Amino acid sequence: MIKNTFVIIFSICLIQFFASNSYTVEPDEILDNPKQEFRARNISKNIRCMVCQNQSIDESNAPLARDLRILIRNKIKNGKKDDEIYKFLTDRYGDFILLKPAFKLNTLALWFLPFIFLFIGVFVIIIHNKKFKEN
C-alpha cells in the first residue's frame, strides 16, 4: 500500500516537472525563417519576464512577455544583431531584464547579495544555536 502510494506521488511529481517545460510562444509569433526563429528563441530564453520575474519571456504567458517576444522578432526581421537587441532591452528596462546579467560595477549587488544573505543566515543560525545550547 505504501509502495503504491509512493509510486503514484512520484509519478505525479514527474508529470508536473516535465509539463512545466512547455513554451508559450504562440503560433502567430513564429517567424517563417528558421534561422531567425532560432535567434529569437535564444534571445527570448535569456530575457526575464518582468511580470513573472523567475521565468524567461519564452516560457511566460504574460501579455508583456508576448509583447517583448513580438518586439524581438520585429527587430530580428529588421536586421538588428543580437547585441543591439540586448542593448535596446537593457537601455529600456535595465540590467534586471537579463536572466544572466553582465558582471559590471552596477550589477555587483545582483551577483553578491545572495551570498551575503546566505552568510548572514548561517551566522544567525549559529548564534541562535549557541544561545539555545547555553540555556
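Basis of the calculations
Residues numbered from 1 in each chain as written. Predicted model: local features only at pLDDT ≥ 70, side-chain atom pairs only at ≥ 80, totals over all residues. Heavy atoms only, no water. pLDDT = per-residue confidence, 0-100. Helix = DSSP H or I, 4+ residues; strand = E, 2+ residues; numbered from the N terminus. Core = buried A, V, L, I, M, F, W, Y, C linked by side-chain atoms within 4.5 Å. Buried < 20%, exposed > 50% of the residue type's maximum accessible area, 1.4 Å probe, protein only. Phe/Tyr/Trp six-rings, centres within 6.5 Å; stacked < 30°, edge-to-face > 60°. Lys NZ or Arg CZ within 6 Å of the ring centre and 35° of its normal. Axes fitted to C-alpha atoms, helices over the stretch in contact; angles between N-to-C directions. Parallel < 35°, antiparallel > 145°, perpendicular 65-115°, else oblique. Left-handed = near helix turned anticlockwise from the far one by under 90°. Contact = heavy atoms within 4.5 Å. Nonpolar A, V, L, I, M, F, W, Y, C, P; charged D, E, K, R; others polar. Expected span 1.5 Å × (residues − 1). Arc of directions from axis to C-beta. Salt bridge = Lys/Arg side-chain N within 4 Å of Asp/Glu carboxyl O.

(A) Molecular detail of the confidence of the model for the chain. Summary statistics for the chain give a mean pLDDT of 85 and a share of 90% for residues scoring 70 or more. Mean pLDDT per element in the chain: helix H1 (residues 2-19) is the minimum at 71, and helix H4 (residues 82-93) is the maximum at 94.

(B) Structural context of the nonpolar core. With 15 residues, the main nonpolar core has Ile 47, Ile 57, Ile 72, Ile 76 and Leu 89 as its most contacted residues. Among the secondary structure elements, those contributing two or more residues to this core are helix H2 (34-45), helix H3 (63-77) and H4. With four residues, the single largest contributor to this core is H3.

(C) View of the packing of aromatic side chains. Tallied over the entire structure, the rule returns two aromatic pairs. Consider the rings of Phe 103 and Trp 111, whose centres lie 6.0 Å apart with planes at 65°: the pair is edge-to-face. For Phe 103, a relative accessible area of 56% corresponds to the exposed category. Note on Phe 103 and Phe 112: the rings are 5.9 Å apart at their centroids and 75° apart in plane angle, and the pair reads as edge-to-face. Connected via pairs of aromatic rings, a cluster forms that spans Phe 103, Trp 111 and Phe 112. Here the basic side chain of Arg 48 rests over the ring of Phe 96, its NZ or CZ set 4.4 Å away from the ring centre.

(D) The arrangement of the environment of Phe 112 in detail. Considering the arrangement of structural elements, one finds Phe 112 in helix H5 (residues 108-134). You can call Phe 112 partly exposed: its relative accessible area is 40%. Note: C-alpha distance between Phe 112 and Asn 61 (51 residues apart in sequence) is 30 Å.

(E) Expanded view of the packing of H2 against H3. In the contact formed by H2 and H3, the axes pass within 10 Å of each other and the chain directions differ by 140°. What the angle tells us is that H2 and H3 run oblique. Where H2 crosses over H3, the handedness of that crossing is right-handed. For the pair H2 and H3, contact is made by Gln 36, Glu 37, Arg 39, Ala 40, Arg 41, Ile 43 and Ser 44 and by Arg 69, Ile 72, Arg 73, Ile 76 and Lys 77, respectively. Split by residue class, the contact of H2 with H3 holds four nonpolar, two polar and six charged.

(F) Fine view of H4. Across its twelve residues, H4 extends 16 Å between first and last C-alpha, which sits within 8% of the 16 Å expected from 1.5 Å per residue. Burial in H4 covers these residues: Ile 85, Leu 89 and Thr 90. One side of H4 carries all its buried residues, which in axial view fall inside an arc of 125°. Relative to its buried face, H4 has exposed residues pointing more than 90 degrees away, namely Asp 83 and Asp 91. The inward-facing, buried residues of H4 abut H2 and H3. One or two residues past the end of H4 sits Gly 94, with phi positive at roughly 90°.

(G) Structural view of the pattern of salt bridges. One pass over the full model with this rule turns up five salt bridges. Its salt-bridge partner being Arg 41, residue Asp 58 comes within 2.9 Å of it at the nearest N-O pair. Remark: Arg 41 occurs in helix H2 and Asp 58 occurs in the loop between H2 and H3; sequence separation between them is 17 residues. The partner of Lys 104 in a salt bridge is Asp 95, with the nearest N and O atoms 3.4 Å apart. Looking at Asp 95, the relative accessible area reads 15%, which means it is buried.

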